[in-house]
Amino acid sequence: MSKIIGIDLGTTFSAAALVGEGTPHIISYNEERIMPSVVGFTPQKNLLVGTPALNQYVLYPEQTIRSIKRKMGQEVQVQLGDTNYTPPQISALILRELKRRVESQLGESVTRAVITVPAYFSDAARQATREAGEIAGFIVERIINEPTAAALAYGLDQSDDHQLVAVYDLGGGTFDVSIIELDQGVVEVRASHGNTQLGGDDFDQLLVDFLAERFKEEHGGIDPRTDRKALARLTRAAEHAKITLSSQPFARLREEFLMAALDGRPLHLDTEISRTEFESLITDLLEGTLESLDAALRDAGISSIELNRILFVGGSTRIPLVWEMVNQYTGIEPEVVINPDEAVALGAAVQAAIIAGEPLEAILVDVTPHSLGIEVASQEFGRIVPDHYSIIVQRNTTIPTTRSEVYTALFVDQDSIRLKIYQGENPRASRNTLLGDFLFEELRSEAPGLPPRITVRFDFDIDGILHVSATDRGSGKQTRTSVRAARVQLTPAEISSAQQNLAELELAEEDWEDLENELLEIEEEAGEDEVETLAPPHRLETLGALSRARRLIEKGGPDIEKLKKSVAALETALATGDEASSQAFTEELMDLLYDLEEE
């Protein structure tokens with residue numbers, strides 16, 4: 001059986017991990033332990049994933065996609081190059097790059113993975129994450145909640161003591177808190193709460209707005225947020241300032257020629273921000289995390305004084321104010337024993353090892369973060385009143401779970417019922433998240449004069465994904481479905497098509513890499529052998545053309561076939577030692593390079 005890796009598919013950074021000799025460890029690549037969750041295209045439409053994509057963000061923000069995780073499960077598309085992509089397709093590019101890196105390090109194919117999601121992710125977002133994994137070429141063995149994974153990383157399953165632990169997970173784009181009970185090696189999630197639209201990205205945005213307003217005051221109302229490149233540079237500066245302020249009381253921001261005045265004068269950003277100013281910007285958002293902690297404690301039926309430990313997970317927990325507010329609220333000193341950027345991936349690797357049958361003893365019990373139910377109607381004073389929400393699975397129910405309820409049609413002769421499945425807590429169905437619906441037809445009454453009845457069954461699996469079945473009690477007819485958010489689900493054919501598109505993108509990227517390596521080899525060999533047979537002026541021209549071609553490829557040339565043809569012709573000419581031919585091909589290559597650079 002192939003290895004199963006653990007993956008933290010994060011908003012700002014992603015990581016992969018594996019258990020070896022009983023211990024989880026991050027699989028690094030070229031000394032990079034975590035990879036930016038960023039995807040981009042160069043102006044020449046070459047794919048970039050990870051650090052190269054992040055590096056080009058300030059130059060080509062319109063060609064770069066960040067924080068796609070916050071759109072998972074939503075019915076949206078993002079544009080990259082000339083093509084629109086769904087969030088699972090962009091996430092698949094990130095996962096595919098992680099897969100490539102892992103395989104490069106392990107020297108073998110890896111096709112099985114455990115992928116983490118925020119505990120408060122919706123069913124649609126969980127489905128989208130699974131689809132992203134499938135598009136990337138993984139068999140997704142399990143979807144596991146991030147705070148639960150962090151608990152495994154901390155080795156909480158190895159403790160025989162009874163403990164109540166809060167895992168406070170504040171990452172780049174999402175926030176979760178889970179109350180976990182430990183008893184004799186059993187890790188049981190008692191309750192979870194959170195916000196999938198709260199994280200370091202929001203702190204950055206507040207800081208960007210603060211700096212933009214200061215810039216406007218200094219430069220006659222010119223707003224850097226109106227220019228995409230200026231905004232990208234300002235965002236990068238805000239991120240760096242946020243990091244600096246975690247360890248220093250002040251941060252200096254300098255961005256030369258951020259924008260131009262109406263008369264063409266360069267306008268610079270040169271300012272200082274204090275930690276106190278930054279903390280005043282984010283206090284309200286951090287108070288929201290404490291409200292989630294309070295809600296999770298209430299759902300778990302305990303108070304903060306009953307907690308034994310608080311574990312910090314996620315890069316944003318490095319902000320000193322986070323530490324101070326949680327400490328003051330609970331009276332407990334938070335723990336950061338494991339790198340907060342890596343804890344989730346390490347925990348996912350532990351879960352992967354358990355699935356793979358490795359000798360790790362742990363029993364993991366998780367919960368559903370949201371209530372699940374259907375829309376029902378009632379007759380009141382002769383009127384039909386719709387939009388009631390009937391909950392079948394209460395939030396924070398231990399999973400996997402199965403729950404059933406019986407529902408009665410409104411009329412005796414009614415022969416069909418449309419089931420609308422929702423997720424949420426609002427008493428009005430329409431104010432919750434619609435997961436999907438289906439029409440149940442040809443209903444029969446159990447007895448003359450009585451309206452038909454159906455039994456609705458919810459099966460909530462270990463991945464936190466809902467399966468629904470309905471049975472007509474009169475006829476015994478049954479209908480089943482896996483409920484996913486309307487129009488978000490990818491069909492098997494769409495997954496296959498997305499895999500093909502991904503393969504084509506990777507093939508183009510590998511093509512450029514192969515040509516770059518070929519140029520390096522020609523350049524090295526030519527410098528040592530073939531070019532030495534040529535006259536000195538032409539030798540320099542040839543080496544210059546090869547070097548220029550290689551630099552162009554590093555930037556991403558727009559027409560690889562033309563370039564490959566010219567390089568191949570030059571290589572042949574050099575191999576024969578024919579100076580006239582190599583001179584002609586060098587000139588042809590140089591002409592092509594000028595044309596490509598102008599494009």
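Data block above holds the structure.
## Thoughts on unusual backbone geometry
Part 1: A positive phi angle, close to 50 degrees, is found at Phe-257, a residue other than glycine.
Part 2: Here Phe-257 lies in strand β15 (residues 250-260).
Part 3: A relative accessible area of 45% places Phe-257 in the partly exposed class.
Part 4: Despite not being glycine, Glu-442 shows a phi value in the positive range, around 60 degrees.

## With respect to the environment of Gln-105
Part 1: Along the chain, the position of Gln-105 falls in helix α2 (residues 87-106).
Part 2: A relative accessible area of 42% places Gln-105 in the partly exposed class.
Part 3: Those residues in contact with Gln-105 that lie beyond four places of it in its chain are Ile-27, Ser-28 and Tyr-29.

## Observations concerning the side chain of Thr-116
Part 1: Along the chain, the position of Thr-116 falls in strand β10 (residues 112-117).
Part 2: Taking relative accessible area as the criterion, Thr-116 reaches 1% and is therefore assigned buried.
Part 3: Polar side-chain contacts of Thr-116 include one of 3.5 Å to the side chain of Asp-8.

## Remarks on the sheet that holds strand β6 (residues 47-49)
Part 1: Taken in spatial order, the 3 strands of this open sheet run β6-β5-β7, and their pairing is antiparallel. Each having just a single partner strand, β6 and β7 (64-66) make up the two edges of the open sheet. For this sheet, the mean angle separating the axes of adjacent strands, direction not counted, is 15 degrees.
Part 2: Of the strand pairs in this sheet, strand β5 (residues 38-41) and β6 are connected by 3 bridges, and their pairing is antiparallel. Across the sheet, residue Gly-40 finds its bridge partner in β6, namely Leu-48.
Part 3: Where α2 meets the sheet, it contacts β5, β6 and β7, and its direction lies at approximately 70 degrees from that of β6.

## Notes on the nonpolar core
Part 1: By size, the foremost hydrophobic cluster in this structure holds 48 residues, and its most contacted members are Tyr-168, Ile-179, Phe-203, Leu-286, Leu-307 and Ile-310.
Part 2: The biggest single contributor to this core is helix α7 (residues 275-300), with 8 residues.
Part 3: The contacts of Tyr-168, once residues within four sequence positions are left out, are Phe-175, Asp-176, Val-177, Leu-286, Thr-289, Ile-310, Leu-311, Phe-312, Val-313, Thr-317, Val-322 and Val-326.
Part 4: Met-35, Met-72, Ala-92 and Val-140 belong to the second-largest nonpolar core, a separate cluster that totals 37 residues.

## Remarks on the side chain of Thr-174
Part 1: In this fold, Thr-174 is placed in the loop between β12 (163-170) and β13 (175-183).
Part 2: Accessibility expressed as a relative area gives 5% for Thr-174, which makes it buried.
Part 3: For Thr-174, the contacting residues outside a window of four places in its chain are Thr-11, Lys-69, Pro-118, Glu-146, Asp-169, Asn-195, Thr-196, Leu-198 and Gly-199.

## Considering the pairing of strand β3 (residues 23-26)
Part 1: With 4 bridges connecting them, strand β2 (residues 13-20) and β3 associate as antiparallel partners. Bridged to Ala-17 within β3 is Ile-26.

## Quick look at the packing of aromatic side chains
Part 1: This model, assessed by the stated rule, comprises 3 aromatic pairs.
Part 2: When the centroid spacing of 5.1 Å and the interplanar angle of 40 degrees are considered together, the rings of Tyr-168 and Phe-312 count as tilted. With Tyr-168 in strand β12 and Phe-312 in strand β17 (residues 309-313), this residue pair connects regions lying 144 residues apart in the sequence.
Part 3: The exposure class assigned to Tyr-168 is buried, which follows from its relative accessible area of 2%.
Part 4: With relative accessibility at 0%, the residue Phe-312 sits in the buried group.
Part 5: Here the aromatic rings of Phe-312 and Trp-323 are separated by 5.6 Å at their centres, their planes lie at 90 degrees, and the arrangement is edge-to-face. Of the two residues, Phe-312 is situated in strand β17 and Trp-323 in helix α8 (residues 320-330); the sequence distance between them amounts to 11 residues.
Part 6: Grouped by ring-pair contacts, the aromatic residues Tyr-168, Phe-175, Phe-312 and Trp-323 constitute a single cluster.

## Some remarks on the environment of Glu-277
Part 1: Tracing the chain through its elements places Glu-277 in helix α7.
Part 2: Sequence separation between Glu-277 and Leu-207 is 70 residues; the distance between their C-alpha atoms is 9.4 Å.
Part 3: In this structure Glu-277 touches Phe-210, Arg-214 and Glu-272, once residues within four positions along its chain are discounted.

## A closer look at the pattern of salt bridges
Part 1: A full pass over the atoms with the stated rule returns 33 salt bridges.
Part 2: Salt-bridge contacts for Glu-335 lead to Arg-309; the nearest nitrogen and oxygen are separated by 2.9 Å. Of the two residues, Glu-335 sits in the loop between α8 and α9 (343-355) while Arg-309 sits in strand β17, which places them 26 residues apart along the sequence.
Part 3: By relative accessible area, which is 18% here, Arg-309 ends up buried.
Part 4: Via salt bridges that share partners, Asp-209, Glu-213, Lys-216, Asp-223 and Arg-225 belong to a single interconnected network.

## Brief notes about the packing of helix α4 (residues 146-153) against α9
Part 1: Interhelical geometry of α4 versus α9 gives an angle of 80 degrees and a closest axis separation of 7 Å. Between α4 and α9, the angle is such that the two are roughly perpendicular. Between α4 and α9, the contacting residues are Glu-146, Ala-149, Ala-150, Leu-152 and Ala-153 on the first element and Ala-343, Val-344, Leu-346, Gly-347, Ala-348, Val-350 and Gln-351 on the second.
Part 2: Broken down by class, the residue content of the contact of α4 with α9 amounts to 9 nonpolar, 2 polar and 1 charged.

Calculation criteria
Residues numbered from 1 in each chain as written. Predicted model: local features only at pLDDT ≥ 70, side-chain atom pairs only at ≥ 80, totals over all residues. Heavy atoms only, no water. Helix = DSSP H or I, 4+ residues; strand = E, 2+ residues; numbered from the N terminus. Buried < 20%, exposed > 50% of the residue type's maximum accessible area, 1.4 Å probe, protein only. Contact = heavy atoms within 4.5 Å. Polar contact = N/O pair within 3.5 Å; in protein donor to acceptor, adjacent residues only side chain to side chain. Pairing = 2+ DSSP bridges. Axes fitted to C-alpha atoms, helices over the stretch in contact; angles between N-to-C directions. Core = buried A, V, L, I, M, F, W, Y, C linked by side-chain atoms within 4.5 Å. Phe/Tyr/Trp six-rings, centres within 6.5 Å; stacked < 30°, edge-to-face > 60°. Salt bridge = Lys/Arg side-chain N within 4 Å of Asp/Glu carboxyl O. Parallel < 35°, antiparallel > 145°, perpendicular 65-115°, else oblique. Nonpolar A, V, L, I, M, F, W, Y, C, P; charged D, E, K, R; others polar.

Function-wise, these values are silent; they only describe arrangement.
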